[in-house]
Amino acid sequence: MTVIFILILIVIVVLIAASSAKAGKSNRRRPGPGRRTRPPARKPAKPDYGSEQLPPGLGLQPGVPLQPAADRLEQALRSEYGSRLRNRVRAKYPSMSEAEYEWKLLELKRYFLMTAVLKEVPMFSEAVDDIWHEMLMFTREYQRFGETLLGSTIHHAPHTSGSPDPGGRAWFDWVYAHLFTATPFTGQIWGSFFRYPLDRQRIDSLSSESEEELEQRWFNRKAAAQFPEIGQTVRWLIGQAKDQLRQAAVNRTYAERPSESHGPSLMPYLAGAMLFYSVAESTNFDEQMQELLPEEEAKRAAGQQTTNSSSSCSTSGCGTGSWSDDRGDDGGSSGSCSSSSCSSSSSCSSSSCSSGCGGGGD
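1. Section: the overall build of the chain
- Scanning the chain from terminus to terminus reveals 15 helices and four strands.
- Across the 362 residues that make up the chain, the buried fraction comes to 48%.
- When the accessible area of the chain is evaluated, it comes to approximately 18000 Å², of which 51% is carbon and sulfur surface.

2. Concerning the nonpolar core
- Among the nonpolar cores identified, the biggest contains 85 residues, and Phe112, Leu113, Phe145 and Phe194 are the most heavily contacted of them.
- Looking at this core element by element, the count peaks at 11 residues for helix α4 (residues 98–117).
- Apart from residues no more than four positions distant in its own chain, Leu113 is found in contact with Leu58, Leu60, Leu66, Ala69, Ala70, Leu73, Leu149 and Phe180.

3. Remarks on the packing of aromatic side chains
- In the structure shown here, the tally under the stated rule is 22 aromatic pairs.
- Judged by centre distance (5.4 Å) and plane angle (65°), the rings of Phe124 and Phe172 are edge-to-face. Residue Phe124 is located in the loop between β1 (121–122) and α5 (126–136), and its partner Phe172 is located in helix α7 (residues 166–179); the two are separated by 48 residues in the primary sequence.
- Assessed through its relative accessible area of 0%, Phe124 is described here as buried.
- On the basis of an interplanar angle of 90° and a centroid distance of 5.3 Å, the ring pair of Phe276 and Tyr277 is categorised as edge-to-face.
- Classification of Phe276 as buried rests on a relative accessible area of 10%.
- For Tyr277, a relative accessible area of 14% corresponds to the buried category.
- Every member of this aromatic cluster is reached through a ring pair, and the members are Tyr111, Phe112, Phe124, Trp132, Tyr142, Phe145, Phe172, Tyr176, Phe180, Trp190, Phe193 and Phe194.
- It is Arg88 that lies over the ring of Phe138; its NZ or CZ is 6.0 Å from the centre.
- Note that Arg169 overlies the ring of Phe193, its terminal NZ or CZ placed 4.7 Å from the centroid.

4. Concerning the side chain of His156
- Positionally, His156 belongs in the loop between α6 (139–150) and β2 (163–164).
- Residue His156 is classed as buried on the basis of its relative accessible area, which comes to 16%.
- Side-chain polar atoms of His156 contact the side chain of Asp129, separated by 3.0 Å.

5. A word on the packing of α4 against α6
- Remark: α4 packs on α6, axes separated minimally by 10 Å, with the N-to-C direction vectors making an angle of 60°. By the angle between their axes, α4 is oblique relative to α6. Crossing angle aside, the handedness with which α4 passes α6 is right-handed. The residues of α6 that touch α4, namely those facing Phe112, Leu113, Thr115 and Ala116, are Tyr142, Phe145, Leu149 and Leu150.
- Residues of the contact of α4 with α6, tallied by class, amount to seven nonpolar, one polar and no charged.

6. Re the pattern of salt bridges
- A complete count under the given rule lists 16 salt bridges for this structure.
- Glu102 serves as the salt-bridge partner of Arg86, at 2.5 Å between the closest nitrogen and oxygen. With Arg86 in helix α3 (residues 80–92) and Glu102 in helix α4, this pair connects stretches of sequence that are 16 residues apart.
- Since its relative accessible area comes to 24%, Arg86 is described here as partly exposed.
- Taking the relative accessible area as the measure of exposure, Glu102 reaches 18% and is therefore buried.
- We note a salt bridge from Glu107 to Arg110, for which the minimum N-O separation is 3.7 Å.

7. Remarks on unusual backbone geometry
- For Leu58, which is not glycine, the phi dihedral falls at a positive 65°.
- With respect to the secondary-structure elements, Leu58 resides in the loop between α1 (2–29) and α2 (67–77).

8. Structural notes on the confidence of the model for the chain
- Confidence in the prediction of the chain, expressed as mean pLDDT, is 79, and 66% of residues score 70 or more.
- Ranking the elements of the chain by mean pLDDT puts helix α15 (residues 295–308) last, at 53, and α4 first, at 97.
- Overall, residues 25–29 carries pLDDT values under 50, and its contacts beyond four positions in sequence, including any with other chains, amount to zero contacts.
- Across residues 306–348 the pLDDT falls below 50, and counting only partners more than four positions away or on other chains, this stretch makes 150 contacts in the model.

9. A short note on the environment of Ala170
- Along the chain, Ala170 turns up in helix α7.
- Excluding residues within four positions of it along the chain, Ala170 makes contact with Tyr196, Pro197, Leu198 and Met274.

10. Details of α2
- Among the residues of α2, Ala69, Ala70, Arg72, Leu73, Glu74, Ala76 and Leu77 are the ones counted as buried.
- Buried residues along α2 sit in contact with α3, α4, α5, α6 and α12 (228–250).

11. Overview of the packing of α12 against helix α13 (residues 266–280)
- Direction vectors running N to C along α12 and α13 enclose 50°, while the axes themselves pass 9 Å from each other. By the angle between their directions, the pair α12 and α13 is classed as oblique. Classified by chirality, the crossing of α13 by α12 is right-handed. Seen from α12, the contacting residues are Ala241, Gln244, Leu245 and Ala248; seen from α13, they are Ala271, Gly272, Leu275, Phe276 and Val279.

Cut-offs and rules
Residues numbered from 1 in each chain as written. Predicted model: local features only at pLDDT ≥ 70, side-chain atom pairs only at ≥ 80, totals over all residues. Heavy atoms only, no water. Helix = DSSP H or I, 4+ residues; strand = E, 2+ residues; numbered from the N terminus. Buried < 20%, exposed > 50% of the residue type's maximum accessible area, 1.4 Å probe, protein only. Areas by Shrake-Rupley, 256 points an atom, 1.4 Å probe, with all protein chains shown as cover. Core = buried A, V, L, I, M, F, W, Y, C linked by side-chain atoms within 4.5 Å. Contact = heavy atoms within 4.5 Å. Phe/Tyr/Trp six-rings, centres within 6.5 Å; stacked < 30°, edge-to-face > 60°. Lys NZ or Arg CZ within 6 Å of the ring centre and 35° of its normal. Polar contact = N/O pair within 3.5 Å; in protein donor to acceptor, adjacent residues only side chain to side chain. Axes fitted to C-alpha atoms, helices over the stretch in contact; angles between N-to-C directions. Parallel < 35°, antiparallel > 145°, perpendicular 65-115°, else oblique. Left-handed = near helix turned anticlockwise from the far one by under 90°. Nonpolar A, V, L, I, M, F, W, Y, C, P; charged D, E, K, R; others polar. Salt bridge = Lys/Arg side-chain N within 4 Å of Asp/Glu carboxyl O. pLDDT = per-residue confidence, 0-100.

Printed below as a string of structure tokens:
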């Protein structure tokens, strides 16, 4: 009898424990009134880099006199150097398709043209910087490449920590937009454009200083003296900036948006708007620029602002920023700048962060 009684007790205890476990599992699955379950985070869809054709001539804006420099750059990378670089990058990042590599290499080529024009160019895309790092592994070929393009080696100066640079990003955006047309993947690689106003110091310099003083302060004078097309581009950019500043001083509203939503004139138009609203020191800079951005870009910028509002700059690699930063399946950073370090009229994101590395020279 004692044995039977003990067995009955054991069965009862087991049944009670099983019932409690089932109830607990049910409660976890069914949140009570007022409780919300957080949906699992979805990884953004990888861009279909194979769906579009690369632009001819690196996609220079009409009238920009940099075509001879672009031709020199292309020729230098059509050699064995270009093939070895492609093989090295594809081996290191096996999930990167051939089309993805070509689009990211395009942006690195554009970056190198900017170093031919500007004195300093911060790196705002870790995806682009990854390919640059692999170029550096071929030291002699890389040196010849820089000398062919702009008469000297393009120095790469990596740093170990990210730092907010919204003013530098605004200047980068303004110059980039005047030199190049937007592609379907420009924003995927560099991050949202035109989210930050140009800093007051740069505006004052562009307004008051002479062409020679500005060349010495902001531009690559050595390359401009050696290559006529680079010198012409430098003077043209200075003229564009001064003309836009004069227009901003006399007009109370910015020009009407171009009728074509994705044509080559859109990027310079948006760059001019950024400069116009920077001069005005508007407290609603974000809202004014978002009204002018293409619909898909405005949504991306708003999403990036929400996602990154409480993050800090990434400390990995050389450039931490990237219209959002994309590095395929090979890794990347999604940090953004501390809001205390940014302009009061703009929000921070990873696209305003630079670790200080970059190219250019004088």
